[in-house]
Amino acid sequence: MRDFRKLDIWKNGIEVVKQVYSLSEKLPSEEKFGLKSQINRAAVSIPSNIAEGCSRNSEIEFKRYLEIAMGSLFEVQTQLILTQELGFIDSNELEITFDLLEKESKMLNSLIRKIKNS
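Everything numeric here is computed off the predicted structure, so don't read it as measured data.

Student: Which parts of the structure should I look at to understand the nonpolar core?
Tutor: Nonpolar side chains in soluble globular proteins tend to be buried together. Membership of the largest hydrophobic core comes to 29 residues, with the highest contact counts inside it found for Ile 46, Ile 50, Leu 66, Val 76, Leu 80, Leu 101 and Leu 108. In terms of residue count, the dominant contributor to this core is helix H2 (residues 35-54) (eight residues). Residues contacting Leu 108, with those up to four places away along its chain left out, are Ile 9, Ile 50, Leu 66, Ala 69, Met 70 and Leu 73.

See below:
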């Protein structure tokens, strides 16, 4: 069993969550149970699935949870694009978050590939 708290991929996922929560505060109150809730849940799912995967006994199961985390990451990206397209958040405010998501995506892809090839 791995200690997820020591993994850079998990730590970066936590940073993604903090950034997304900060951005989602800028969404209108009528989005509280819509886009705001959805984007926050998807963001939380990224490090949560990494942590849950660490508890699994096989590399195949761990890889599956990393793939789920990647799916959540893509959800967050899509939802952030929607916030921009709907005029809720300016594209300049999204740059830091998109950079964090890109870093997380590369880390996830790298680890998934490493597990596939082992």
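From this point on, the discussion continues.
Student: Looking at this structure, how should I read helix H4 (residues 91-117)?
Tutor: Since there are 3.6 residues in each turn of an α-helix, residues three or four apart along the chain are aligned in direction. With 27 residues, H4 extends 37 Å between its outermost C-alpha atoms, agreeing within 8% with the 39 Å of an ideal straight helix rising 1.5 Å per residue. The principal kink in H4, of about 30°, is found at Thr 97. Every buried residue belonging to H4 is among Leu 94, Thr 97, Leu 100, Leu 101, Glu 104, Ser 105, Leu 108, Ile 112 and Ile 115, and all of these are buried. Two to three positions downstream of the cap, the backbone nitrogen of Asn 92 sits 3.0 Å from a side-chain oxygen, assigning the N-cap of H4 to Asp 90.

Student: How should I be thinking about the environment of Glu 52 in this particular structure?
Tutor: Within the secondary structure, Glu 52 is located in helix H2. Residue Glu 52 is classed as partly exposed on the basis of its relative accessible area, which comes to 34%.

Student: Mind showing me how you'd approach the pattern of salt bridges here?
Tutor: Oppositely charged side chains are able to pair whenever their charged atoms sit close together. A full pass over the atoms with the stated rule returns nine salt bridges. Between Glu 59 and Arg 2 there is a salt bridge; the shortest N-O distance is 2.1 Å. You can see Glu 59 sitting in helix H3 (residues 59-85) and its partner Arg 2 sitting in the segment before helix H1 (8-24), a full 57 residues away along the chain. As a salt-bridge pair, Arg 64 and Glu 67 come within 3.9 Å of each other at their nearest N and O atoms. Linking Arg 64 with Glu 67, this pair stays in helix H3, spanning three residues, or about one helical turn. Under the relative-accessibility criterion, Glu 67 is labelled partly exposed at 27%. Here the residues in one salt-bridge network are Lys 63, Arg 64 and Glu 67, joined through shared partners.

What counts and what doesn't
- Residues numbered from 1 in each chain as written.
- Predicted model: local features only at pLDDT ≥ 70, side-chain atom pairs only at ≥ 80, totals over all residues.
- Heavy atoms only, no water.
- Core = buried A, V, L, I, M, F, W, Y, C linked by side-chain atoms within 4.5 Å.
- Buried < 20%, exposed > 50% of the residue type's maximum accessible area, 1.4 Å probe, protein only.
- Helix = DSSP H or I, 4+ residues; strand = E, 2+ residues; numbered from the N terminus.
- Contact = heavy atoms within 4.5 Å.
- Expected span 1.5 Å × (residues − 1).
- Bend = angle between axes of the 7 residues up to and from the residue.
- Polar contact = N/O pair within 3.5 Å; in protein donor to acceptor, adjacent residues only side chain to side chain.
- Salt bridge = Lys/Arg side-chain N within 4 Å of Asp/Glu carboxyl O.

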